Amino acid sequence: MNSQETPTTAENNYSDIENTPDYMNPQKPGKSEPVTQVQADNVITNKDLPDRRVRYGLPVLIFAIFLFVAAIYYGIINP
């Protein structure tokens, strides 16, 4: 005994997408635009980023130097 108010799964998914705010679901079904070559070339991939050791090591090194200078300034370390 199926009631007529119960939507099918496809209708239910579409209505959920339709009811979400635009900032949560920027692409609505059927309204996507083709990607141009310029947009495809501007995509940043992992190959374009520096090595992981540089990405994480450099900020950690800068932070350690800052803490060392602050420790000397406040007298925690006496050179």
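What you see is a predicted model, and the numbers here were worked out from it, not measured in a lab.

How would you sum up the overall build of the protein chain? Please name residues and give values.
Helix and strand counts for the protein chain stand at 3 helices and 0 strands. Tracing the protein chain from N to C terminus, the helices and strands come up as α-α-α. Counting over 79 residues, the protein chain shows a buried share of 3%. Roughly 8,000 Å² of accessible area belongs to the protein chain as shown, and the carbon and sulfur atoms make up 59% of that amount.

Go over the packing of aromatic side chains with me, naming the residues and quoting the values.
Under the counting rule described, the total for this entry stands at 1 aromatic pair. For the ring pair Y73 and Y74, a centre distance of 5.0 Å and an interplane angle of 85 degrees mean the geometry is edge-to-face. Both residues of the pair, Y73 and Y74, count as exposed.

So, the pattern of salt bridges: which residues are in play, and what are the values?
Scanning all chains against the criterion turns up 1 salt bridge. Between D51 and R53 there is a salt bridge whose closest N-O contact spans 2.8 Å.

Which residues make up helix α3 (residues 52-73), and what values go with them?
Taking 1.5 Å of rise per residue, 22 residues should cover 32 Å, and α3 covers 32 Å from first to last C-alpha, within 8% of that figure. Backbone geometry just after α3 places G75 at a positive phi near 85 degrees.

Explain the confidence of the model for the protein chain residue by residue, including any values.
The predicted model of the protein chain has a mean per-residue pLDDT of 76, with 59% of residues at 70 or higher. The secondary-structure element of the protein chain with the lowest mean pLDDT is helix α1 (residues 9-19), recorded at 55, while α3 shows the highest, at 95.

I'd like to hear about a nonpolar patch on the surface, residue by residue, with values.
Taken together, the side chains of V54, L58, L61, I62, I65, F68, V69, I72, Y73, Y74, I76 and I77 define a hydrophobic patch exposed on the protein surface, amounting to about 1,300 Å² of accessible area. Note on L58: relative accessible area 47%, which makes it partly exposed.

Cut-offs used in this document
Residues numbered from 1 in each chain as written. Predicted model: local features only at pLDDT ≥ 70, side-chain atom pairs only at ≥ 80, totals over all residues. Heavy atoms only, no water. Helix = DSSP H or I, 4+ residues; strand = E, 2+ residues; numbered from the N terminus. Buried < 20%, exposed > 50% of the residue type's maximum accessible area, 1.4 Å probe, protein only. Areas by Shrake-Rupley, 256 points an atom, 1.4 Å probe, with all protein chains shown as cover. Phe/Tyr/Trp six-rings, centres within 6.5 Å; stacked < 30°, edge-to-face > 60°. Salt bridge = Lys/Arg side-chain N within 4 Å of Asp/Glu carboxyl O. Expected span 1.5 Å × (residues − 1). pLDDT = per-residue confidence, 0-100. Patch = residues over 30% accessible without salt bridge, like charges linked within 9 Å, V, L, I, M, F, W, Y side chains within 5 Å.

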